[in-house]
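Geometric and topological summary
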Amino acid sequence: MQIRNYWVDIENSSGMRMGAGPLRASQFDTTDKLSACGEFSFVVSASDPNFGALAEKRVAICRYIDINGVLQIFGGGVIDKIERVINEQGLMELHVSGNNLVRELMYRSVGALDLSGGGIGVANAPDQIMALAPAGWSITDGTTLINVYAGYNGESVLNALATAAEYIGEHWRLGSGRTINWIGPASTFLSSGVRAVQQINSPVSAETVTAITLITSFKEVSDASELLTRVIPHGAGNGGVVLTLSAITDSAPTGYTVDAAQNYVKRDASEVSYGRIERTLDFKDIVPLSNTTADIQAAANMLMQACVEHLRRYGQ
């Protein structure tokens, strides 16, 4: 999408605009990421009359007016870095960059958050985690299809949210403003209705069509550097007192084999195709929250789930 008329507002953490007006950036780039912090950057002239509003940890938001006259947000986030650069014309520019608003979730700790659920885990882990986020943040659809069993000891809200999603194979993204949208596993994603196309007769006319996006380049990469077919997991603990799969009560999903006695999870088809490629992985934040049988079993089941998700990503 090409935007011909845009500007950058500088705000404080409460959303109050700073300075006498917006900045006129010469370029603005934004990258959104699934279940992680996105990134943004922009360039503005040091002669911009409002550049004095720029400061680290303030918020930069790029806005524009769409073809229907509606105010829209293109991207932005928390300013982390400001670089002063002399360009090829000998003029000074300010290169500004940072993470999107999700970065603010690093500013709060979840403390000693207990998501054991009495030994069965909880289905509302995202809701409980986001309840500890900075003021102004919220979450939609904060329930999971698989219970999360976890305990935290001072991790940030962002870290807790990311690990909860990673271990059960579900996802979230930044929504409108300071909202997290929990969107579940990729298998349940709904179609956006947007088609990506490469060849069209009129690229300029296509810019106003919201149902298509233009492919300007395309690359496919096959990378086997991180390929695994079998994971030997270690949870929390030291020496001979380390959480393993020995106490699991759940069965491995179709396509995977778990051996509690030998303490490994295998992706069956991958091992047939590539042979046995194993690695010992530490999941030190998976720990029984008490020494009851239910808690030890729940932690072992969570350890197996984390192995399955790792093999789903790196097993082919």
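First, a word on scope: everything that follows refers to the structure included in this document.

About the thresholds
- Residues numbered from 1 in each chain as written.
- Predicted model: local features only at pLDDT ≥ 70, side-chain atom pairs only at ≥ 80, totals over all residues.
- Heavy atoms only, no water.
- Helix = DSSP H or I, 4+ residues; strand = E, 2+ residues; numbered from the N terminus.
- Buried < 20%, exposed > 50% of the residue type's maximum accessible area, 1.4 Å probe, protein only.
- Contact = heavy atoms within 4.5 Å.
- Lys, Arg positive; Asp, Glu negative; His and termini not counted.
- Charge placed at Lys NZ, Arg CZ, Asp CG, Glu CD.
- Polar contact = N/O pair within 3.5 Å; in protein donor to acceptor, adjacent residues only side chain to side chain.
- Core = buried A, V, L, I, M, F, W, Y, C linked by side-chain atoms within 4.5 Å.
- Salt bridge = Lys/Arg side-chain N within 4 Å of Asp/Glu carboxyl O.
- Disulfide = S-S within 2.5 Å.
- Pairing = 2+ DSSP bridges.
- Axes fitted to C-alpha atoms, helices over the stretch in contact; angles between N-to-C directions.
- Phe/Tyr/Trp six-rings, centres within 6.5 Å; stacked < 30°, edge-to-face > 60°.
- Expected span 1.5 Å × (residues − 1).

1. A word on the overall build of the protein
A count of helices and strands for the protein gives five helices and 19 strands. When its C-alpha atoms are laid out on the principal axes, the protein stretches across 70 × 45 × 40 Å. When each of the 316 residues of the protein is scored for burial, the buried share is 41%. Restricting the contact set of the protein to residue pairs at least 6 apart, pairs at least 24 apart contribute 61%. The protein carries 23 positive and 32 negative side-chain charges, and their two centres are separated by 3 Å.

2. Remarks on the side chain of Ser270
Locating Ser270 in the fold gives a position in helix α4 (residues 268-274). At 2.2 Å, the side chain of Ser270 forms a polar contact with the backbone oxygen of Gly315. Setting aside chain neighbours within four positions, we find Ser270 in contact with Thr229, Gly275, Gly315 and Gln316.

3. Here we look at the nonpolar core
Grouped together as the largest cluster of nonpolar side chains are 51 residues, with contacts concentrated most on Leu105, Leu115, Ile129, Met130, Tyr152, Ile180 and Phe283. When contributions to this core are tallied by element, the ones reaching two or more residues are β4 (59-65), α1 (125-130), α2 (157-168), β11 (179-184) and α5 (293-314). Among the elements that take part in this core, α5 stands out by supplying 10 residues, more than any other. Among residues more than four places away in sequence, those in contact with Ile180 are Val102, Leu105, Met130, Trp137, Ser138, Ile139, Thr140, Leu161, Trp172, Arg173 and Leu174. Residues Ile10, Ala25, Val44 and Cys62 belong to the second largest nonpolar core, which totals 19 residues.

4. Let's talk about the pattern of salt bridges
Summed over all chains, the structure comprises 11 salt bridges. A salt bridge links Asp9 to Arg63; the nearest nitrogen and oxygen atoms lie 2.8 Å apart. One end of the pair, Asp9, is in strand β1 (residues 6-11); the other, Arg63, is in strand β4, with 54 residues separating them in the sequence. Arg63 carries the same exposure label as Asp9, and that label is buried. Bridged by salt links that share partners, the residues Asp9, Glu11, Arg17 and Arg63 form one connected network.

5. Quick notes on the state of the cysteines
A complete count under the given rule lists zero disulfides for this structure. There is no disulfide at Cys62, and the cysteine sulfur nearest it, in Cys37, is 19 Å away.

6. What about the sheet that holds strand β3 (residues 39-45)?
Read from one edge of the open sheet, six strands run β1-β4-β5-β6-β3-β2, paired in antiparallel fashion. Bordering the open sheet on either side are β1 and β2 (27-31), each of which pairs with just one other strand. Averaged over all pairs of adjacent strands, the angle between strand axes in this sheet comes to 30 degrees, irrespective of strand direction.

7. Here we look at the packing of aromatic side chains
Applying the stated criterion to the full structure yields five aromatic pairs. Their ring planes at 70 degrees and their centres at 6.1 Å tell us that Phe28 and Phe74 sit as a pair that is edge-to-face. Taken together, the positions of Phe28 in strand β2 and Phe74 in strand β5 (residues 71-86) put the pair 46 residues apart, joining distant regions of the chain. With centroids separated by 5.9 Å and ring planes inclined at 75 degrees, the aromatic side chains of Tyr167 and Phe283 adopt a geometry described as edge-to-face.

8. A word on the pairing of β5
Along a regular strand, successive side chains alternate from one face of the sheet to the other. Two elements, β4 and β5, share seven bridges in a ladder whose sense is antiparallel. Its bridge partner being in β5, Arg63 is matched across the sheet by Ile73. Between β5 and strand β6 (residues 92-99), which follow one another and run antiparallel, lie five residues, and Gly90 among them has a positive phi close to 80 degrees.

9. A closer look at the sheet that holds β11
Here we have three strands laid out as an open sheet, ordered β8-β11-β10, and mixed in their pairing. Both outer strands of the open sheet, β8 (138-140) and β10 (171-174), are each paired with one neighbouring strand and no more. Strand-to-strand, the axes of this sheet are offset by a mean angle of 30 degrees, without reference to chain direction. Where β10 meets β11, four bridges bridge the pair, whose relative direction is antiparallel. Within the sheet, the bridge partner assigned to His171 lies in β11 and is Gly184.

10. Observations regarding α2
Because the α-helix completes a turn every 3.6 residues, residues three or four places apart line up on one side. Relative to the 16 Å expected for 12 residues at 1.5 Å per residue, α2 spans 17 Å between its end C-alpha atoms, a close match to the ideal helical length. A large share of α2 lies buried, amounting to nine of its 12 residues. Among the residues of α2, Val157, Leu158, Ala160, Leu161, Thr163, Ala164, Ala165, Tyr167 and Ile168 are the ones counted as buried. On the buried face of α2, the contacting elements are α1, β10, β11 and α5. Backbone geometry just after α2 places Gly169 at a positive phi near 75 degrees.

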